[in-house]
Amino acid sequence: MKKYFVIGNPIDHSLSPKLHNFWIKKYNIKAIYDKKKPQEENIKDLIQDIKLEKIDGLNVTVPFKKKVIPFLDKLSPDAEKTQSVNTILLQSNRLVGHNTDIAGFINALENLNIQLEGKKFFILGAGGVVPSIVFALNKIKASEVIISNRTKQKAENLKTQFGNVKIIDWGQILDFDVIINATSLGLNNEEINLDFSKIGNNKLFYDVIYNPIETNFLKIGKKLGNKTENGKLMFMHQAAEAFKLWHGIRPNIDNETAKLLGND
Ligand code: ATR
């Protein structure tokens, strides 16, 4: 029986076990997927357990996506470029870190069937998932990427990492085609205190959060006449890409999968 875990802190609310175990059953794989909340000092041993073949793979979430890197032998090009790892496995006896958040985000956007190339993207936040989003936006040839974060220095660090991003103060709003909430504001129904009243309509409000299904950020966007999308598709697609790396099968993202995760 193969063994997989998702590690993070907090981890109680992670829906990854539900999704992976659903696919494991569906595709008749002899495996089990569980969650763990390790202390930071135990991460090294946990990763070594993959080399010792005690476990077969890990998904990594906040706040460990960067912290796992020193304990790996190799990074995929995407993980290297973003310095962010969400999937680990043994390949040719080497511990390899991958980043499937990038493909997850691109797949989710493409699913919306809107023109993405040449659009202006405005990202709120500079936390764990933002390097993957910026990298993905460069890949799809966004015309401009603007970042605003409460702690400006963290946004400035992303500029150092990626170069072609514009940083503005928290509270300032510029014109955009797509705005992405990548802050944690909304996870507990918090308001996002930004004034969108002058931005007009026909934009896309995208939230990385998928639980709750409609954050206050999305509610405001909708009320102002914009298209909205939550992070559920991105979550499902990053999981499907990780599943493919481990088991060689890319699960379909269908209504049955979406229903499994509750809400819409
Ligand atoms: P981390 O910052 O540890 O990577 P995260 O969940 O990936 O954690 O990111 C949280 C994001 O939400 C950050 O961009 C954070 O802003 P700071 O960098 O200033 O902490 C943002 N955030 C959290 N609470 C916020 C609040 N009350 N107002 C504005 N931004 C907030």
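Model, not experiment: these values are computed from the prediction.

### Quick word on the site of the ligand
Taken together, Gly125, Ala126, Gly127, Gly128, Asn149, Arg150, Thr151, Lys154, Trp170, Thr183, Ser184 and Leu185 make up the full set of residues near the ligand. A distance of 2.7 Å is found between an oxygen atom of the ligand and a side-chain nitrogen or oxygen belonging to Lys154. Coverage of the ligand by the protein chains reaches 70% of its 620 Å² of free accessible surface. Looking at the shell around the ligand, its residues break down into three nonpolar, seven polar and two charged.

### Quick look at the sheet that holds strand β11 (residues 204–207)
One open sheet holds the six strands; their spatial order is β9-β8-β7-β10-β11-β12, and the pairing between them is parallel. Each end of this open sheet is capped by a strand with a single partner; those strands are β9 (166–168) and β12 (227–229). This sheet shows a mean twist of 20° between the axes of neighbouring strands, independent of strand direction. Examined bridge by bridge, strand β10 (residues 178–181) and β11 share four bridges and lie parallel to one another. Within β11, the residue paired with Ile180 across the bridge is Tyr206. Against the sheet, helix α4 (residues 101–110) touches β7 (120–124), β10 and β11, its axis set at about 145° to β11. Sheet strands in contact with helix α6 (residues 152–162) are β8 (144–148) and β9, and its direction is about 175° off that of β9.

### Let's talk about the sheet that holds strand β3 (residues 57–60)
Read across the open sheet, the six strands follow the order β2-β1-β3-β5-β6-β4; overall the sheet is mixed. Only two strands of the sheet have a single neighbouring strand rather than two, namely β2 (31–36) and β4 (74–75). Relative to strand β6 (residues 94–98), β4 runs parallel, the two being bridged by two bridges. Pairing of Leu75 across the sheet is with Gly97, part of β6. Its contacts with the sheet place helix α2 (residues 43–51) against β1 (2–7), β2, β3, β5 (87–91) and β6, and it is angled at close to 35° to β5.

### A short note on the packing of aromatic side chains
Overall, the coordinates contain 11 aromatic pairs when judged by the stated rule. Ring centres of Trp23 and Phe243 lie 5.6 Å apart, and the angle between their planes is 70°; this geometry places the pair in the edge-to-face category. Placement of Trp23 in helix α1 (residues 16–26) and of Phe243 in helix α8 (residues 232–247) is noted, with a sequence separation of 220 residues between them. Taken as a pair, Trp23 and Phe243 share a single burial class, namely buried. Centroid distance Tyr33 to Trp246: 6.1 Å. Interplanar angle 50°. Geometry classified as tilted. Of this pair, Tyr33 sits in strand β2 while Trp246 sits in helix α8, and the two are 213 residues apart along the sequence. The burial state of Tyr33 is the same as that of Trp246; both residues are buried. The positively charged end of Lys36 is found above the aromatic ring belonging to Phe5, 4.5 Å away from the centroid. The ring of Phe176 carries Lys203 above its face, with NZ or CZ at 5.7 Å from the centroid.

### Details of the pairing of β8
Within a regular beta strand, the side chains point alternately toward one face of the sheet and then the other, so they alternate between its two faces. Judged by how many residues are buried, β8 sits mostly within the fold: four of five residues are covered. Where the polypeptide runs from β7 across helix α5 (residues 130–139) and back to β8, its parallel neighbour, the crossover connection is right-handed. Summarising the sheet, β8 and β9 pair through three bridges and their orientation is parallel. Across the sheet, residue Ile147 finds its bridge partner in β9, namely Ile167. Between the parallel pair β8 and β9, the chain is carried across by α6, and the sense of this crossover is right-handed.

Analysis parameters
- Residues numbered from 1 in each chain as written.
- Predicted model: local features only at pLDDT ≥ 70, side-chain atom pairs only at ≥ 80, totals over all residues.
- Heavy atoms only, no water.
- Near = heavy atom within 4 Å.
- Polar contact = N/O pair within 3.5 Å; in protein donor to acceptor, adjacent residues only side chain to side chain.
- Areas by Shrake-Rupley, 256 points an atom, 1.4 Å probe, with all protein chains shown as cover.
- Nonpolar A, V, L, I, M, F, W, Y, C, P; charged D, E, K, R; others polar.
- Pairing = 2+ DSSP bridges.
- Helix = DSSP H or I, 4+ residues; strand = E, 2+ residues; numbered from the N terminus.
- Axes fitted to C-alpha atoms, helices over the stretch in contact; angles between N-to-C directions.
- Contact = heavy atoms within 4.5 Å.
- Phe/Tyr/Trp six-rings, centres within 6.5 Å; stacked < 30°, edge-to-face > 60°.
- Buried < 20%, exposed > 50% of the residue type's maximum accessible area, 1.4 Å probe, protein only.
- Lys NZ or Arg CZ within 6 Å of the ring centre and 35° of its normal.
- Right-handed = clockwise from strand over helix to strand, strands pointing away.

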